[in-house]
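Now for the letters of each chain:
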Amino acid sequence: MEPRSFPTLSVTESETAVPSLAALEAGQVHVWHGDLGSLSALAQNWLDEGETLRAARIGLAAARIQFVTGRRLLRGVLGHYLGRKPASLSFSIGPHGKPALRDEGIESELQFNLSHSGDVIVLALAWRSPVGIDVEARRPLARLDALARRCLAPSEQAQLDGLDDEAAACAFFRFWVRKEALGKASGQGMALGLQHCVSSLEGRPRWLGIPPQLGDVRGWSLAELSVREGFEGAVTVQAANARFFSGEIELEGENLEFENLKSLLYPTPDCVLGNAAADSSRYLSR
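Being a predicted model, the structure only gives us computed values, none of them experimental. (Residues numbered from 1 in each chain as written. Predicted model: local features only at pLDDT ≥ 70, side-chain atom pairs only at ≥ 80, totals over all residues. Heavy atoms only, no water.)

Engineer: Help me understand the pattern of salt bridges, please; the structure alone is not making it clear to me.
Structural biologist: Side chains that differ in charge, positive against negative, can pair when their charged atoms come close. Per the stated rule, a full pass over the model turns up 14 salt bridges. D48 is paired through a salt bridge with R75; the nearest N and O atoms lie 3.3 Å apart. Of the two residues, D48 is situated in the loop between α1 (36-39) and α2 (49-56) and R75 in helix α3 (residues 61-82); the sequence distance between them amounts to 27 residues. Between E232 and R138 there is a salt bridge whose closest N-O contact spans 2.5 Å. Linking E232 in strand β10 (residues 231-237) with R138 in the loop between β6 (131-137) and α4 (144-151), this pair joins segments that are 94 residues apart in sequence. (Salt bridge = Lys/Arg side-chain N within 4 Å of Asp/Glu carboxyl O. Helix = DSSP H or I, 4+ residues; strand = E, 2+ residues; numbered from the N terminus.)

Engineer: Would you mind showing me how to read the pairing of strand β1 (residues 28-35) here?
Structural biologist: In terms of residue burial, β1 counts as a mostly covered element, since seven of its eight residues are buried. Sheet topology note: the β1/strand β11 (residues 243-252) ladder contains six bridges and is parallel. Counterpart to V29 in the pairing with β11 is F244. (Buried < 20%, exposed > 50% of the residue type's maximum accessible area, 1.4 Å probe, protein only. Pairing = 2+ DSSP bridges.)

Engineer: Teacher, can you tell me more about the packing of aromatic side chains here?
Structural biologist: Centre-to-centre distance and the angle between the planes together describe a pair of aromatic rings. Within this structure, the stated rule accounts for four aromatic pairs. On the numbers, 5.9 Å between centres and 80 degrees between planes, the contact of F91 with F112 is edge-to-face. You can see F91 sitting in strand β2 (residues 91-93) and its partner F112 sitting in strand β4 (residues 110-117), a full 21 residues away along the chain. On the basis of relative accessibility, which here comes to 4%, the residue F112 falls in the buried class. For the ring pair F172 and F173, a centre distance of 6.1 Å and an interplane angle of 75 degrees mean the geometry is edge-to-face. Here F172 and F173 have matching classes, each one buried. Joined through ring pairs, the aromatic side chains of F172, F173 and W176 make up one cluster. It is R71 that lies over the ring of F91; its NZ or CZ is 5.0 Å from the centre. (Phe/Tyr/Trp six-rings, centres within 6.5 Å; stacked < 30°, edge-to-face > 60°. Lys NZ or Arg CZ within 6 Å of the ring centre and 35° of its normal.)

Engineer: Just checking my understanding: could you explain the sheet that holds strand β9 (residues 221-225) for this structure?
Structural biologist: Sheet strands pair by backbone hydrogen bonding; their relative direction is either parallel or antiparallel. Here we have three strands laid out as an open sheet, ordered β6-β10-β9, and antiparallel in their pairing. At either end of the open sheet lies a strand with only one pairing partner, and these are β6 and β9. Strand after strand, the sheet turns through a mean of 15 degrees between neighbouring axes, direction not considered. With five bridges joining them, β9 and β10 adopt antiparallel strand pairing. Of the residues in β10, the one forming a bridge with L225 is G233. (Axes fitted to C-alpha atoms, helices over the stretch in contact; angles between N-to-C directions.)

Engineer: I would appreciate a short explanation of the nonpolar core in the present structure.
Structural biologist: What tends to happen in soluble globular proteins is that the nonpolar side chains get buried as a cluster. Core analysis: the biggest nonpolar cluster contains 29 residues, and V77, L78, L110 and L125 have the highest contact counts within it. The element best represented in this core is α3, accounting for six residues. What L78 contacts, discounting residues up to four positions off in sequence, is L89, F91, L101, L110, F112 and L125. If you look at the next biggest cluster of nonpolar residues, it comprises 18 residues, including V122, V235, V237 and F244. (Core = buried A, V, L, I, M, F, W, Y, C linked by side-chain atoms within 4.5 Å. Contact = heavy atoms within 4.5 Å.)

Engineer: What's the story with the environment of L110 in this structure? I'm lost.
Structural biologist: Mapped onto the elements of the fold, L110 is located in strand β4. On the accessibility criterion, L110 (2% relative accessible area) is buried. Separated by 86 residues in the primary sequence, L110 and L24 place their C-alpha atoms 9.4 Å from one another. Not counting residues within four places of it along the chain, the set of residues in contact with L110 comprises L21, L24, L78, Y81, L82, L101, L125, A126 and W127.

So this is what it looks like as structure tokens:
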């Protein structure tokens, strides 16, 4: 299928905070984040029958609110990008649970992924490139050594050596969200093999090794997210030298309000993205 042409619109020059597919160029990732608690007030009943039934089967109220808010937000954002009514969108589910737009044509080219933890929700979108995102609230981990041996590559385990418990848990979560994002982007989830998804906490975020079925490691881009203190996040996309942009979503009455997208920068040598710093001219997102 030939790529469809759209008017060129650089997100850094856009004067509108309403996203559209015209603003999403090949090689870009748009990341939207918001507060799950406030976004749960989104009242539009956009869910289809299957989503409504699935929500009714979720016993825990907090988990049910997470699911409903996530699906409403997903439909709202995708509807803006596609110029479609959110309730008109339909989804298919992959063998490992990854949703995709089911419509033929342009809709099938818009790739997306959603994650939430605690009161943070994040959504990543890319054009024709598989994308995955994950966010996790940091918390104490029992038996961290055993977890690291099971989930991390030897080179990654070595970076935890000598760290105190808090720093080691933070490092583990940084590795974990990267691996989770790659598993979600691939559509294979944890079946991808966590120990074969290898990166380093030193230098800019990048994949050093990936499972062979995902192709050349240089064809994947990786970024870290810093959306709130106490959380770790990562996003990855099957595109070389991808450029990442981020914005916040809030509610204005009963409508979604989109902050202008900003280019994510590497603000420190540790390459944690999201918060501009004095040295943000270094480590520019590519």
